[in-house]
Amino acid sequence: MEFRSSTVHTKPFDDQKPGTSGLRKKVKVFQQKNYTENFVQAILNSLGDELKGSVLVLGGDGRYYVKDAAKLIVKMCAANGVKKVIVGQHGIVSTPAVSNLIRKRNTTGGIILTASHNPGGPDQDFGIKFNTKNGGPAPDSVTTEIFNITVRLDSYNIVPDLDCDIDTLGVNTYTVDGKEFVVEVIDSVADYVSLMKDIFDFSSLRDLLKGTESRDPFRVLINSLNGVTGPYVREIFVNELGAGESSIVNTKPLEDFGGLHPDPNLTYAAELVSALKEGVHDFGAAFDGDGDRNMILGKNAFFVTPSDSLAVLGSHLRHIPYFRIEGVKGFARSMPTAGAIDRVANAVGVDFYEVPTGWKYFGSLMDASRLSLCGEESFGTGSDHIREKDGIWAALAWLQIIACEKKSVEELLISHWKRFGRNFFTRYDYENCNADDCARMMHKLEQTVTSPAYVGTQLSHKNKSYVVKLADNFHYEDPVDGSIAARQGIRLLFEDGSRIIVRLSGTGSSGATVRIYIDSYEKDENLLLGDAQVVLSPLINIALDVTEIKIHTGREAPTVIT
Ligand code: G16
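The name an unreviewed UniProt entry assigns to the protein chain is phosphoglucomutase (alpha-D-glucose-1,6-bisphosphate-dependent), from the organism Cryptotermes secundus. In the Sequence similarities (unreviewed entry) part of its UniProt record, the protein chain is described as follows: "Belongs to the phosphohexose mutase family." Quoted straight from UniProt, the Cofactor (unreviewed entry) entry for the protein chain says "Mg(2+)".

What follows is the structure, given as structure tokens:
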């Protein structure tokens, strides 16, 4: 079929600055005339000379507006000289699977349609993110370039009549302006499952779930929260590993996630927590809308903090076939993540890196073969098998370790704490606050804590006191390419190693979300089993006082406590 492209005049929008991971706004914002078109054109223009003849992966988490946006992007790729688009059937591909496809097919990059863990539906959130040829989220230099293009964009290119059927698997070939343009509609599950089979020993996982004469079946409950992971989970856990159908729930990707908030934490994945509390299952995992986040629970809903999850994986990587072959290069975590992995890096004897919040900061270290395993307190865990965090990978990694160690989740944690000590951690989120109020709060806090006289200040609550050792706004210089990420969160580091971190989220779609992270370290064996909220209570109160959060936001309590 032959088509001609046309150029449409447009006016720039001034609010298309990508956040922590892409541009996230309400669906209604993206549905404004030319809004999505402008942002997509800016992404394509940012490719410069690489655009003509490029190959792009395209897919999203199945939320409302994904399919419309995917079809629109195909029309725009056709008009902009892209040679080929590899798109998931129905426009659906998980974020880790996109990363894998970009790398496996050696493409120019990929466009991911997701607002991650944010709710979906006509009145909820949507997002667009660009991943570069290493498979990872675009670095700051690229997102800044995209934003700079958006504010001066005056036209976009489209082939309005090219209506590709993205529901049917197959290769569609068109002629656009006299040149060949190909759309390959793929089943995105197959490649991802094959990657997981290369990384893990599926036969030992099968034995674990099935049980043996001397060992009961290990009962898992996997909750996809009606996000993109459902089909992947079905293929891996039911078809490959032989878990019963009742082991997987909420596995049909729905445009509104069935009304669920697809964020795998104790608040929004409460259904999994209650199910695990019944004591029938040995292991529970939940994933977010686009499949890159995970929450791990043990029997009776024993909660594994993401910081601890990372550390336990780090000290048992030898059990995972991939690392036996690839070796273990280094470990990393985002700055607000508690420092449990730091101690493991020291014990294992590998390099350790602390980066700002955002998976994009891990990519250059992985590309330089300096980093094998990393994670974030925001329920992200992953390795250098791809350049995104990977929820299903994390669950399989835990199961592989359990299969080898023959210990429960709780036993693994307790023995880890006995060996390394325990980092108690909590995060308070104040969602959807007034953006100006929060900006004022951050400004005031920064002025207060960065005055030279602040170091040495003693902050107290009841009979506990902490002395400030360092206070700053976190500044990162990438050790590989020297790029700088400044002002990444206010840090109060105390002499005993405890920390209070305050930053504004970069993933909300409206207003501002304040995140307060609190952690402390305990190595006294008698105090390892305390409740984090109780142990951290003095520091929590100090954090609420120092930030004056109630005064600035008018909020009596956080929206979510993790
Ligand atoms: C994104 C980033 C993560 C980051 C998280 C939270 O995750 O990829 O690296 O930790 O946002 O960011 P913030 O604290 O700014 O909201 P996702 O899963 O939303 O793509």
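Asks: Honestly, the nonpolar core in this entry has me stumped. Any pointers?
Replies: What tends to happen in soluble globular proteins is that the nonpolar side chains get buried as a cluster. Membership of the largest hydrophobic core comes to 72 residues, with the highest contact counts inside it found for Phe-237, Phe-283, Trp-393 and Trp-398. Apart from residues no more than four positions distant in its own chain, Trp-398 is found in contact with Phe-283, Ile-296, Val-304, Ser-309, Val-312, Leu-313, Val-409, Leu-412 and Leu-413. Listed in part, the 49 residues of the second largest apolar core include Leu-47, Val-66, Leu-113 and Ala-138.

Asks: Would you mind going over the site of the ligand with me for this structure?
Replies: In the vicinity of the ligand, 19 residues are found, and the nearest of them are Thr-20, Glu-376, Arg-503, Gly-506 and Thr-507. Taking Ser-116, its side chain carries an N or O atom lying 2.8 Å from an oxygen atom of the ligand. Backbone polar atom of Trp-359 to an oxygen atom of the ligand: 2.8 Å apart, as the coordinates give it. Coverage of the ligand by the protein amounts to 100% of the 460 Å² it exposes when considered alone. Across the shell around the ligand, the residue classes tally to one nonpolar, 10 polar and eight charged.

Asks: Hey, could you run me through the packing of aromatic side chains in this one?
Replies: Each aromatic ring pair is described using two quantities: the centre-to-centre distance and the angle formed by the ring planes. According to the stated counting rule, one finds 15 aromatic pairs in the structure shown. Both rings, one in Tyr-65 and one in Phe-126, keep their centres 5.0 Å apart while their planes meet at 75°; by these two values the pair is edge-to-face. With Tyr-65 in the loop between strand E4 (55–60) and helix H3 (66–79) and Phe-126 in strand E7 (residues 125–131), this residue pair connects regions lying 61 residues apart in the sequence. A residue is classified by how much of its surface remains accessible, and Tyr-65, at 11% relative accessible area, is buried. Seen from their ring centres, Tyr-322 and Phe-323 are 5.0 Å apart, and the 85° between their planes marks the pair as edge-to-face. Using a relative accessible area of 13% as the deciding quantity, one classes Tyr-322 as buried.

Asks: I tried to follow the sheet that holds strand E13 (residues 283–287) on my own but got confused; where do I start?
Replies: Pairing between the strands of a sheet is mediated by backbone hydrogen bonds and can be parallel or antiparallel. The sheet built from five strands is open, its strands ordered E12-E11-E13-E14-E15 with mixed pairing. Looking at the sheet topology across the chains shown, the edges are occupied by strand E12 (248–249) and strand E15 (302–304). By the bridge criterion, four bridges tie strand E11 (residues 220–223) to E13 in an arrangement that is parallel. If you follow Leu-221 over to E13, its bridge partner there is Gly-284. Helix-sheet contacts for helix H14 (residues 391–405) involve E11, E13, strand E14 (294–298) and E15, and the interaxial angle to E13 is about 165°.

Asks: I tried to follow unusual backbone geometry on my own but got confused; where do I start?
Replies: A negative phi angle is the norm for most residues apart from glycine, just as the trans form is the norm for most peptide bonds. Phi is positive for Lys-462, which is not a glycine, with a value near 50°. A residue is classified by how much of its surface remains accessible, and Lys-462, at 76% relative accessible area, is exposed. Residue Glu-548 is not a glycine yet carries a positive backbone phi of 55°. Residue placement: Glu-548 occurs in the loop between helix H18 (537–547) and helix H19 (549–553).

Asks: Sorry, what's going on with the UniProt feature "domain: Alpha-D-phosphohexomutase alpha/beta/alpha" (unreviewed entry) in the protein chain here?
Replies: Using the residue numbers shown here, the UniProt feature "domain: Alpha-D-phosphohexomutase alpha/beta/alpha" (unreviewed entry) corresponds to residues 16–154, 211–297 and 329–420. Taken end to end, residues 16–154 has its terminal C-alpha atoms 14 Å apart, with 37% of it in helix and 22% in strand. Taken as a whole, residues 211–297 contains 22% helix and 17% strand, while its terminal C-alpha atoms sit 20 Å from one another.

Asks: Any chance you could explain the sheet that holds strand E6 (residues 109–113) here in plain terms?
Replies: Judged by pairing direction, the sheet is mixed, and its eight strands sit side by side in the order E1-E9-E10-E5-E4-E6-E7-E3 without closing on themselves. Two strands close off the open sheet at either side, each with one partner strand: strand E1 (2–3) and strand E3 (23–26). Relative to E7, E3 runs antiparallel, the two sharing four bridges. Pairing of Lys-25 across the sheet is with Phe-126, part of E7.

Reading guide: rules and limits
Residues numbered from 1 in each chain as written. Predicted model: local features only at pLDDT ≥ 70, side-chain atom pairs only at ≥ 80, totals over all residues. Heavy atoms only, no water. UniProt positions renumbered as here; feature names shortened; annotations may be inferred. Core = buried A, V, L, I, M, F, W, Y, C linked by side-chain atoms within 4.5 Å. Buried < 20%, exposed > 50% of the residue type's maximum accessible area, 1.4 Å probe, protein only. Contact = heavy atoms within 4.5 Å. Near = heavy atom within 4 Å. Polar contact = N/O pair within 3.5 Å; in protein donor to acceptor, adjacent residues only side chain to side chain. Areas by Shrake-Rupley, 256 points an atom, 1.4 Å probe, with all protein chains shown as cover. Nonpolar A, V, L, I, M, F, W, Y, C, P; charged D, E, K, R; others polar. Phe/Tyr/Trp six-rings, centres within 6.5 Å; stacked < 30°, edge-to-face > 60°. Helix = DSSP H or I, 4+ residues; strand = E, 2+ residues; numbered from the N terminus. Pairing = 2+ DSSP bridges. Axes fitted to C-alpha atoms, helices over the stretch in contact; angles between N-to-C directions.

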